[in-house]
Amino acid sequence: MNEILESIQTAVLKGNLKDAQEQVERALGSGLSPADILHEGLISAMTEVGRLFEEGEYYVPEMLIAARAMKGGLAILKPLLAETDVQPLGKIALGTVKGDLHDIGKNLVSMMLEGAGFEVVDLGVDVAPEIFVDTIESGGIDILGMSALLTTTMPLMKATIDALVQAQLRDQVKVIIGGAPVTQSYADDIGADGYAPDASRAASLAKSLLS
Ligand code: B1M
């Protein structure tokens, strides 16, 4: 493994934003391609962060600061990746459902998805079914992700899936859901394509649905 790529991974794993950005600049200066820096530096670091989280070695704060460092490095690469035409794994529209303002978990899911190589369209919080439907209708979205933290707002996930069916768009997109009160059995009941209990598993789920 290239020494600079290793430094990028270490900076992300430690959640050191400044160092992650410096190492990305150093990697670019040494002639490494933006695609290699993305895949072998930032994405592989976030894969390791996900593994550590799933094994209980990292908690939410460690994952948040690692994701922030990853995003700092990604911000430098993004314009260069656009020039070199590196394609994302897929495009995901993500939002917290209508009536629900909780976004900490949703933002973490967004960062882990970006860290895994997806393009994320973040629709924010309090997203009505019509907004999700309009977003899918405008095209280009592979996966729709919904987050809910309140038992009272979970039914909006079903309402959104029903609205997609009504608009004859359900077959165009995979739907994944999550949030503290959400379960696999609820996902099965409402006809979602997948459920993930945490941000790391949301990224693995999205990958598996598009593979
Ligand atoms: Co609220 N709140 N809150 N709150 N809040 C909870 C959720 C609650 C459990 C607290 C409690 O009573 N013990 C309770 C819900 C009870 C219920 O419905 N069963 C509650 C309540 C009642 C409320 C209000 C109604 C309180 C009031 O005003 N009376 C109100 C509602 C406002 C609204 O949304 N309309 C309210 C408001 C707020 C704040 C604004 C103050 C704040 C939110 C700030 C923000 O998000 N910007 C807040 C907070 C912070 C919490 C707690 C304390 C923490 C939530 C959190 O961020 N967790 C929460 C209690 C708790 O959980 N201990 C609580 C950390 C985050 C990383 O985890 O969001 O679960 P989480 O995300 C995880 C997974 O769930 C998963 O991955 C994430 C990372 O691993 N995941 C997905 C999430 N989305 C996913 C999507 C996926 C896949 C995985 O696929 C697309």
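These numbers come from a predicted model, not from an experiment. (Residues numbered from 1 in each chain as written. Predicted model: local features only at pLDDT ≥ 70, side-chain atom pairs only at ≥ 80, totals over all residues. Heavy atoms only, no water.)

## Concerning the coordination of the cobalt atom of the ligand
When a metal carries six donors in an octahedron, the ideal angles between them are 90 or 180 degrees, while four donors in a tetrahedron ideally lie at 109.5 degrees.
Move 1: Of the protein atoms, His-102 (NE2) alone serves as a donor to the cobalt atom of the ligand, at 2.1 Å.
Move 2: When you line up the elements, His-102 lands in the loop between β1 (91-97) and α5 (104-116). (Donors = N, O, S within 2.8 Å, 3.2 Å for Na, K, Ca; no water. Helix = DSSP H or I, 4+ residues; strand = E, 2+ residues; numbered from the N terminus.)

## With respect to the site of the ligand
Move 1: What surrounds the ligand is a group of 27 residues, the closest being Gly-99, Leu-101, His-102, Asp-103 and Ser-147.
Move 2: At 2.8 Å from a nitrogen atom of the ligand is found a side-chain nitrogen or oxygen belonging to Ser-147.
Move 3: Thr-151 has a polar backbone atom sitting 2.9 Å from an oxygen atom of the ligand.
Move 4: Among the elements that make up the shell around the ligand, the one with the highest residue count is α5 (four residues). (Near = heavy atom within 4 Å. Polar contact = N/O pair within 3.5 Å; in protein donor to acceptor, adjacent residues only side chain to side chain.)

## Focus: the sheet that holds strand β3 (residues 143-147)
Move 1: Taken in spatial order, the five strands of this open sheet run β2-β1-β3-β4-β5, and their pairing is parallel. Where the open sheet ends on each side, the last strands, each with one partner, are β2 (119-127) and β5 (194-195).
Move 2: Against the sheet, helix α7 (residues 155-166) contacts β1, β3 and β4 (174-178), and its axis sits at roughly 155 degrees relative to β3.
Move 3: Sheet contacts for helix α9 (residues 199-210): β1, β3, β4 and β5; angle to β4, the most-contacted strand, approximately 165 degrees. (Pairing = 2+ DSSP bridges. Contact = heavy atoms within 4.5 Å. Axes fitted to C-alpha atoms, helices over the stretch in contact; angles between N-to-C directions.)

## Section: the pattern of salt bridges
Move 1: This structure, assessed with the given rule, holds 10 salt bridges.
Move 2: Across the pair Arg-51 and Glu-48 runs a salt bridge whose closest N-O atoms are separated by 2.8 Å. Linking Arg-51 with Glu-48, this pair stays in helix α3 (residues 34-54), spanning three residues, or about one helical turn.
Move 3: Of the residues examined, Glu-48 reaches a relative accessible area of 27% and is grouped as partly exposed. (Salt bridge = Lys/Arg side-chain N within 4 Å of Asp/Glu carboxyl O. Buried < 20%, exposed > 50% of the residue type's maximum accessible area, 1.4 Å probe, protein only.)

## Considerations on the pairing of β4
Move 1: The buried count for β4 comes to four of five residues, which makes it a mostly enclosed element.
Move 2: Here β3 pairs with β4 via five bridges, running parallel. Residue pairing in the sheet places Ile-143 in a bridge with Lys-174 of β4.
Move 3: A crossover connection joins β3 to the parallel β4 through α7; in handedness this β-α-β unit is right-handed. (Right-handed = clockwise from strand over helix to strand, strands pointing away.)

## Observations concerning the environment of Ala-196
Move 1: Note that Ala-196 resides in the loop between β5 and α9.
Move 2: Since its relative accessible area comes to 8%, Ala-196 is described here as buried.
Move 3: C-alpha of Ala-196 to C-alpha of Thr-135: the two residues are 61 residues apart in sequence and 22 Å apart in space.
Move 4: Not counting chain neighbours up to four residues away, the residues in contact with Ala-196 comprise Ile-177, Gly-178, Arg-201, Ala-202 and Leu-205.

## Side note on the domain arrangement of the chain
Frequently, the measure chosen for interface size is the accessible area removed from exposure when the parts meet.
Move 1: For the chain, the domain assignment lists domain 1 (3-83) and domain 2 (91-210).
Move 2: A C-alpha centroid distance of 25 Å is found between domain 1 and domain 2.
Move 3: Listed by partner, the interface residues are 14 residues for domain 1 and 12 residues for domain 2.
Move 4: Summing both partners gives a buried area of about 1200 Å² for domain 1 against domain 2, and 70% of it is carried by carbon and sulfur.
Move 5: One can count two salt bridges joining domain 1 with domain 2.
Move 6: Across the pair Glu-114 and Lys-78 runs a salt bridge, and its minimum N-O distance is 3.7 Å.
Move 7: Remark: the boundary between domain 1 and domain 2 carries two residue pairs in polar contact (both at pLDDT 80 or more). (Domains from an automatic or database assignment. Buried area = accessible area lost by both parts, 1.4 Å probe.)

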